[in-house]
Number of protein chains: 2
Amino acid sequence: MRWNLPPSELPTTWFNVLPHLAGQLEPPLHPATRQPVGPDDLAPLFPMALIAQEVSTEPSIEIPGEVLDVLRLWRPTPLIRATRLENALGTPARIYYKDESVSPAGSHKPNTAVPQAYYNKAEGVKRLSTETGAGQWGSALCLASTFFGLECKVYMVRASFQQKPYRRVLMETWGGNVVPSPVDKPDHPGSLGAAISDAVRDAAGRADTHYSLGSVLNHVLLHQTVIGQEAKTQLALAGEDHPDVVIGCCGGGSNLGGISLPFVPDKGVRLLAVEPTSCPTLTGGRFEYDFGDTAGLTPLLPMYTLGHDFVPPSIHAGGLRYHGDAPVISALVRSGRMEAVAYPQSKTFEAAVMWARTQGTVPAPETGHAIKAVIDEALAAKEEGKEKVILFNYSGHGLLDLSAYDDFLHDRLPD
Amino acid sequence: MRWNLPPSELPTTWFNVLPHLAGQLEPPLHPATRQPVGPDDLAPLFPMALIAQEVSTEPSIEIPGEVLDVLRLWRPTPLIRATRLENALGTPARIYYKDESVSPAGSHKPNTAVPQAYYNKAEGVKRLSTETGAGQWGSALCLASTFFGLECKVYMVRASFQQKPYRRVLMETWGGNVVPSPVDKPDHPGSLGAAISDAVRDAAGRADTHYSLGSVLNHVLLHQTVIGQEAKTQLALAGEDHPDVVIGCCGGGSNLGGISLPFVPDKGVRLLAVEPTSCPTLTGGRFEYDFGDTAGLTPLLPMYTLGHDFVPPSIHAGGLRYHGDAPVISALVRSGRMEAVAYPQSKTFEAAVMWARTQGTVPAPETGHAIKAVIDEALAAKEEGKEKVILFNYSGHGLLDLSAYDDFLHDRLPD
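Residues numbered from 1 in each chain as written. Chains lettered and ligands numbered in written order. Predicted model: local features only at pLDDT ≥ 70, side-chain atom pairs only at ≥ 80, totals over all residues. Heavy atoms only, no water.

Draft legend 1. Broad picture of the side chain of Thr209 of chain B. Checked against the element boundaries, Thr209 of chain B lands in strand S9 (residues 209-211). Side-chain polar atoms of Thr209 of chain B contact the side chain of Asp208 of chain B, separated by 2.7 Å. (Helix = DSSP H or I, 4+ residues; strand = E, 2+ residues; numbered from the N terminus. Polar contact = N/O pair within 3.5 Å; in protein donor to acceptor, adjacent residues only side chain to side chain.)

Draft legend 2. Up close: the pattern of salt bridges. All chains considered together, the criterion is met by 43 salt bridges over all chains. Taking the shortest distance from any N to any O, the salt bridge between Asp406 of chain B and Arg412 of chain B comes out at 3.4 Å. Judged by relative accessible area, which is 46%, Arg412 of chain B ranks as partly exposed. Arg412 of chain B serves as the salt-bridge partner of Asp407 of chain B, at 3.2 Å between the closest nitrogen and oxygen. Taking the relative accessible area as the measure of exposure, Asp407 of chain B reaches 19% and is therefore buried. Via salt bridges that share partners, Arg168 and Glu172 of chain A together with Asp406, Asp407 and Arg412 of chain B belong to a single interconnected network. (Salt bridge = Lys/Arg side-chain N within 4 Å of Asp/Glu carboxyl O. Buried < 20%, exposed > 50% of the residue type's maximum accessible area, 1.4 Å probe, protein only.)

Draft legend 3. Seen up close, helix H11 (residues 226-237) of chain B. All names here are of chain B. Spanning 12 residues, H11 covers 17 Å between terminal C-alpha atoms, matching the ideal 16 Å at 1.5 Å per step. Inspection of H11 places Val226, Ile227, Gly228, Gln229, Glu230, Ala231, Gln234 and Leu235 among the buried residues, and these make up the whole buried set. Remark: Gly239 follows H11 within two positions and exhibits a positive phi of approximately 85 degrees. (Expected span 1.5 Å × (residues − 1).)

Draft legend 4. Highlighting the pairing of strand S11 (residues 270-276) of chain B. Residue and element names in this part refer to chain B. Burial analysis of S11 places 6 of its 7 residues in the buried class, the great majority of the element. As a crossover connection, the stretch from strand S10 (residues 245-249) through helix H12 (residues 254-260) into S11 is right-handed. Of the pairings in the sheet, the one linking S11 to strand S14 (residues 338-343) comprises 6 bridges and is parallel in character. Bridge pairing links Ala273 to Ala340 in S14. (Right-handed = clockwise from strand over helix to strand, strands pointing away. Pairing = 2+ DSSP bridges.)

Draft legend 5. Summary view of the relation of the copies chain A and chain B. Of the transformation placing chain A onto chain B, the axial shift is 0.0 Å and the rotation is 180 degrees, giving an RMSD of 0.0 Å. Taken together, the rotation angle and the small translation identify this as a two-fold axis. (Least-squares fit on C-alpha atoms with pLDDT ≥ 70 in both.)

Draft legend 6. Region of interest: the packing of aromatic side chains. Evaluation of the coordinates by the stated rule reveals 25 aromatic pairs over all chains. Considering the side-chain rings of Phe349 of chain B and Tyr405 of chain B, the 5.2 Å spacing of their centres and the 80 degrees angle between planes classify their relative orientation as edge-to-face. Here Tyr405 of chain B lies in helix H17 (residues 402-409) and Phe349 of chain B lies in helix H15 (residues 345-358), a separation of 56 residues in the sequence. Considered together, Phe349 of chain B and Tyr405 of chain B belong to a single accessibility category, that of buried residues. A network of ring pairs unites the aromatic residues Tyr97, Trp355, Phe392 and Tyr394 of chain A as a single cluster. Of note, Arg168 of chain A hangs over the ring of Phe161 of chain A, and the distance from its end group to the ring centre comes to 5.8 Å. (Phe/Tyr/Trp six-rings, centres within 6.5 Å; stacked < 30°, edge-to-face > 60°. Lys NZ or Arg CZ within 6 Å of the ring centre and 35° of its normal.)

In structure tokens, the structure reads:
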């Protein structure tokens with residue numbers, strides 16, 4: 001069963017969670033002075049509209065018409081009930097998912113890439129730079145850039161550039177200029193931290209260029225809230241009063257924030273973050289100020305972190321290999337409003353294959369983490385013999401991650 | 001702009017074109033006797049329900065409820081207006097497309113794989129065998145088999161098996177058993193004809209196994225007519241009286257048949273088949289009885305053909321590399337009801353990249369052929385300064401064909 005909304009029902013405002021976190025969010029600090037950063041500190045990298053959204057306390061923020069026009073190419077995304085998985089589990093739980101895999105880039109990432117490209121274009125920027133690891137964010141920004149006629153330069157971690165050519169080709173198909181990083185060390189396999197440094201240096205050094213980030217920051221999570229807002233409308237159409245639990249996988253926190261933030265004010269709705277045991281930021285990290293990147297170029301952010309020099313094992317869910325978490329997600333976990341759980345890689349692939357063989361679609365390895373938690377919640381409901389409404393974010397498809405399934409199906413997958 | 005239909009509006013019958021082709025379709029002939037084949041000749045390979053559909057003259061045929069239940073996982077598919085492409089072309093034409101890429105397998109192929117698996121299951125078959133070239137059909141049948149608890153054995157052309165592991169992994173993720181073909185010549189790169197022979201021999205030699213074909217036959221095209229029927233309903237919702245032209249790429253003819261057959265009785269609707277110049281069956285072939293496979297094991301079919309020993313160049317649109325055409329499509333072209341046009345590979349990739357940079361999604365190389373014809377029709381409308389309603393079938397996405405885009409973008413693509 002599926003609940004589609006017509007394009008006219010795409011939300012016209014973003015849901016801002018900041019008013020609901022009053023007193024719980026500390027400001028970012030300048031890396032040199034350790035004083036709160038101001039708009040002027042960020043202006044070389046970001047357009048003023050995004051800098052303003054980063055600190056806005058308005059309860060909702062209007063989505064520009066030109067952004068809506070582009071998002072309507074695939075939004076609203078469907079809400080689907082996973083009845084075949086329910087039947088296979090024999091659970092009394094009702095499992096609903098938002099299918100964010102339907103975007104042209106195959107994930108939720110374009111929800112923020114599009115407004116970021118729009119605001120930069122509107123302020124006269126000609127060119128964006130960014131980094132990408134596995135390639136989900138880089139491809140989303142190349143897609144958004146082609147919609148608004150911007151150049152896009154992507155610094156791709158060299159190991160991925162060499163081993164995962166499909167994502168690179170996807171970015172080039174949308175007109176992106178993709179180079180391996182680090183640019184100055186052609187024999188180095190690279191890292192996300194080094195790629196961020198390359199991209200920030202590029203933007204800081206050119207007046208026509210800004211930098212763009214795909215997760216962690218407040219404005220990124222804000223843009224993703226179309227997901228949860230649509231889900232609320234669609235759950236009502238499905239006859240559900242409210243979900244008992246909302247689930248998303250968590251790397252930096254953008255897809256999790258997108259589906260869960262609109263439910264923060266709602267009583268009786270549990271929020272659940274799912275992360276890999278190999279990079280257990282929320283379940284095993286410390287809450288403290290830390291850098292967003294390895295090189296220490298970014299502001300210090302108040303978040304759960306494993307330390308900015310932590311190197312996660314090279315699991316297939318590349319989008320979950322981040323040493324920290326969005327300050328907004330961190331604040332919710334710290335206050336107890338959001339729970340967190342961690343799973344080893346093999347359990348998430350077991351869940352992903354069960355999904356593929358019941359529901360049909362092949363999820364991204366990141367999404368497999370959410371599915372594992374969904375299955376456990378559904379089995380707990382069966383154990384307790386009680387109904388439960390589960391909502392989760394199907395953040396992306398796995399069609400460009402099939403080598404990971406190959407490893408899993410042929411017993412080559414480490415935990 | 002998009003027109004979604006609720007799952008309840010999935011057509012509950014298939015549109016049968018055979019009554020509209022009275023006297024135009026000659027029967028298939030037995031390869032040995034050259035007499036018309038009867039049900040008994042086909043019973044070792046196909047379930048009786050499909051054999052009956054192959055010759056039915058009922059105007060419509062009911063879709064079983066269990067088939068509808070599975071198709072509703074992704075159907076009805078959206079009808080979308082390609083306004084960004086229209087604007088880029090500056091055309092007065094209105095371009096609509098059916099997005100068949102939203103199925104779990106990424107193409108229209110599951111529309112027939114699901115009923116084929118269902119009817120086999122219903123008649124007690126435990127196991128299906130088939131062949132696959134690039135992998136679209138094999139993955140659709142593995143998907144359908146997992147839904148109905150059937151084993152699925154896929155003989156994959158060895159060159160593809162070795163060079164395109166992603167499609168093989170996709171089939172395995174759905175539980176399929178995929179082996180390289182020819183099975184008895186481990187050093188041979190293989191061919192579709194040899195793979196058909198392997199699959200037919202497998203089914204003929206085991207009582208628990210039937211063979212399954214993904215195109216060409218009447219029942220296959222019948223199952224695809226959900227596409228065109230949905231499109232009619234959706235065009236009405238969009239305020240269109242009828243399309244002026246309906247366009248699909250043509251290999252065996254199943255996606256083209258799916259979108260165009262329901263329009264066969266409609267006056268004022270042109271039907272257009274698009275094929276590669278490197279395998280020009282409709283534009284350069286002879287109309288005669290020929291074998292469906294290279295080895296000459298299948299019945300002789302009345303169709304346009306380049307000869308069953310014709311070896312098409314290895315273009316990237318693997319789904320269009322077939323020496324013949326569906327008898328239904330051949331009859332329509334022969335009678336003048338359907339037109340045909342051929343394009344070289346490079347022009348179709350130019351069109352596909354223009355699509356990706358305006359509409360966002362990356363089409364399959366096969367679909368790129370349809371898009372090239374759509375662009376030419378839209379430019380002709382601009383030239384003539386008149387409105388035109390174009391409907392085409394977006395038969396699949398190109399996310400597992402990105403190496404072809406890599407070749408095109410870096411000038412390594414031959415025509």
